[in-house]
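# Per-entry structural report
Residue-level listing of the chains:
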Amino acid sequence: MSKLKQEFKNIFGQSADEPRVCFAPGRVNLIGGHTDYNGGYVLPCSIQYGTLLAIGFRNDNKVKAHSLNFPFIVEIDIDKPLHKIGNEWVNFPLGVMKEFQGKGVRLKGMNLLFYGDIPNGAGLSSSASVEMVTAYALNKLLGCNFDTIDMIKISQLAENDFVGMNCGIMDQFAVGAGKKDKAVFLNCDTLDYDLVPLALKAYSLVITNTNKRRELADSKYNERRTECETAVENLSATEPIRNLSELTMEKFESIKNKITDIVGRKRANHVIYENQRTMDAVKALKGNDLNKFGKLMFQSHYSLKDDFEVSCDELDVLVDEASKVKGVLGSRMTGGGFGGCTVSLVKKESIQEFEETVGKNYFERTGLKADFYIARAGEGVREILDQ
Ligand code: GLA
């Protein structure tokens, strides 16, 4: 905090107003992969890693945004139309600003300084974290009276319309609604949600980063969305539905041959059964059945790998190596896929062995070094006040 405030003064001048500081976490999804944009269930939790934003007004109409993580700086006139700038990180805050303007909010001149400790592009929602911290801070400073759900929707729209990534609502929701020691069981169609206690007792959630570059991940993600939409169109000829998640497993089995293309059928198969696994996982968690929870995590991974085809060799090697370590109940890819991280449920006393064995074998099999993080479910987006 004090370093961030000091840097703020160094960058924007000693005479700049004392900034307010907000924080938004990243998230890890425990189960319910690629179901959110299909109106299904997800079970993420916000994590202790995240993005800090120091923000203060200026006396002119400029917006200056810096990051301690990236060299790219933006300096724009707030009265001119906002445009996307290449693939730069600033598109996330700029997209949120544009959505605020679209809702009739008049922005003012501001200085913004970001700092994040979420591994970037690793499927832990570093982008949703930057969007939500921006939305939250603008809402506070400008007195807009948007509620958390409004800010979640604004952030998702920023990513869909400004950045061009057709993501669902899970990431922004977990970042906005997350609570300490709780997972967020969300119905992505109705946005009804339940905070489920993460009583893991002798176990911890361990995140393992493949450190593989996620090439073409955004275009492949958008392609999966289209495949699911086509499956809905095919099925709707027989059974009018808005999204795949309206179908029970039984109903799906009885009409699945209406999906003309075999690939589309596999995609739909994943979504329908993943919804059931997510509901079963919540039941298992509430009933303290961590063995069952872990089995569902493995099943989720294999379905994402074989039916939805969003995994990659590196993620599969991590899950395979995790499955061989004593004390591991479950492991799966988390996030969009094609690289990024796995999340594993590991007995606390086995964590050291897990890191050593999985790390060593992963390196031997892929030539890459894995990074490990122990995830704790933390609070969602908030302002950080001086002690
Ligand atoms: C990315 C997207 C989310 C979700 C996941 C897959 O993280 O941003 O909306 O679709 O992939 O579960």
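Above this text you will find the structure in question.
Residues numbered from 1 in each chain as written. Predicted model: local features only at pLDDT ≥ 70, side-chain atom pairs only at ≥ 80, totals over all residues. Heavy atoms only, no water.

### Overview of the environment of K180
Basically, it comes down to this: Secondary structure elements follow DSSP: runs of H or I no shorter than four residues count as helices, runs of E no shorter than two count as strands, and numbering proceeds from the N terminus. Three exposure classes are used, based on accessible area relative to the maximum for each residue type with a 1.4 Å probe and protein chains only: buried under 20%, partly exposed in between, and exposed over 50%. Between two residues, a contact is recorded if the distance between any of their heavy atoms is within 4.5 Å. As used in this structure description, the phrase polar contact means that two N or O atoms lie within 3.5 Å; if the pair is within protein, one of them must be able to donate a hydrogen and the other to accept it, and residues adjacent in sequence are counted only when both atoms belong to side chains.
Residue placement: K180 occurs in the loop between helix 5 (170–177) and strand 7 (182–187). The class of K180 is exposed, set by a relative accessible area of 52%. Spatially, the C-alpha atoms of K180 and N269 are 33 Å apart, while their sequence positions differ by 89 residues. K180 has contacts with A377, G378 and E379, leaving out every residue within four places of it along the chain. Polar side-chain contacts of K180 include one of 3.5 Å to the side chain of D181.

### Some thoughts on the packing of aromatic side chains
Definition in use: Any Phe, Tyr or Trp ring, taking Trp's six-membered ring, that has another such ring centre within 6.5 Å forms a pair; planes under 30 degrees apart are called stacked, those over 60 apart edge-to-face, and the others tilted.
Summed over the entire model, instances satisfying the criterion amount to 10 aromatic pairs. Measuring from ring centre to ring centre gives 5.1 Å for Y41 and F185, while their planes differ by 25 degrees; the resulting arrangement is stacked. In this pair, Y41 sits in strand 2 (residues 41–42) while F185 sits in strand 7, placing the two residues 144 residues apart along the sequence. The exposure class of Y41 is partly exposed, given its relative accessible area of 23%. Residue class for F185 comes out buried when judged on its relative accessible area of 15%. Judged by centre distance (5.3 Å) and plane angle (70 degrees), the rings of W89 and F114 are edge-to-face.

### Some points on the pattern of salt bridges
Stated precisely, the cut-off is as follows: Within this document, salt bridges are pairs made up of a side-chain nitrogen of Lys or Arg and a carboxyl oxygen of Asp or Glu, the two lying within 4 Å of each other.
As enumerated under the stated definition, the model contains 31 salt bridges in all. The closest approach of N and O atoms between D77 and K80, which form a salt bridge, is 3.8 Å. Residue classification places D77 among the partly exposed residues on the basis of a relative accessible area of 27%. On the accessibility criterion, K80 (52% relative accessible area) is exposed. Measuring nitrogen to oxygen at the nearest pair gives 3.2 Å for the salt bridge that ties E321 to K324.

### Some words on the site of the ligand
Basically, it comes down to this: By convention in these notes, a residue is near a molecule or strand provided one of its non-hydrogen atoms lies within 4 Å of it. In these tables, accessible area is a Shrake-Rupley quantity obtained with a 1.4 Å probe, and a residue counts as shielded only by the protein chains included in the view. Throughout, the ten residues Ala, Val, Leu, Ile, Met, Phe, Trp, Tyr, Cys and Pro are labelled nonpolar, Asp, Glu, Lys and Arg are labelled charged, and all others, Gly among them, are labelled polar.
Taken together, R27, G33, H34, D36, Y37, C167, G168, M170, D171, Y221, G335 and G336 make up the full set of residues adjacent to the ligand. Residue H34 places a main-chain N or O atom 2.8 Å away from an oxygen atom belonging to the ligand. Between an oxygen atom of the ligand and a main-chain N or O atom of G336, the distance comes to 3.3 Å. Within the complex, the protein chains bury 95% of what would otherwise be the 310 Å² of accessible surface of the ligand. Among the residues forming the shell around the ligand, the class breakdown is 4 nonpolar, 5 polar and 3 charged.

### Structural notes on the nonpolar core
Just so we agree on the cut-off: Residues enter a nonpolar core if they are buried and are Ala, Val, Leu, Ile, Met, Phe, Trp, Tyr or Cys, with the set joined through side-chain atoms within 4.5 Å.
In this structure, I55, M97, F100, L107, L112, L138 and L186 are the most contacted members of the largest nonpolar core, which totals 51 residues. Tallying contributions element by element places helix 3 (residues 126–142) first for this core, with 10 residues. Beyond its immediate sequence surroundings of up to four residues, F100 is in contact with V105, L107, A135, L138, N139, C144, F146 and I154.

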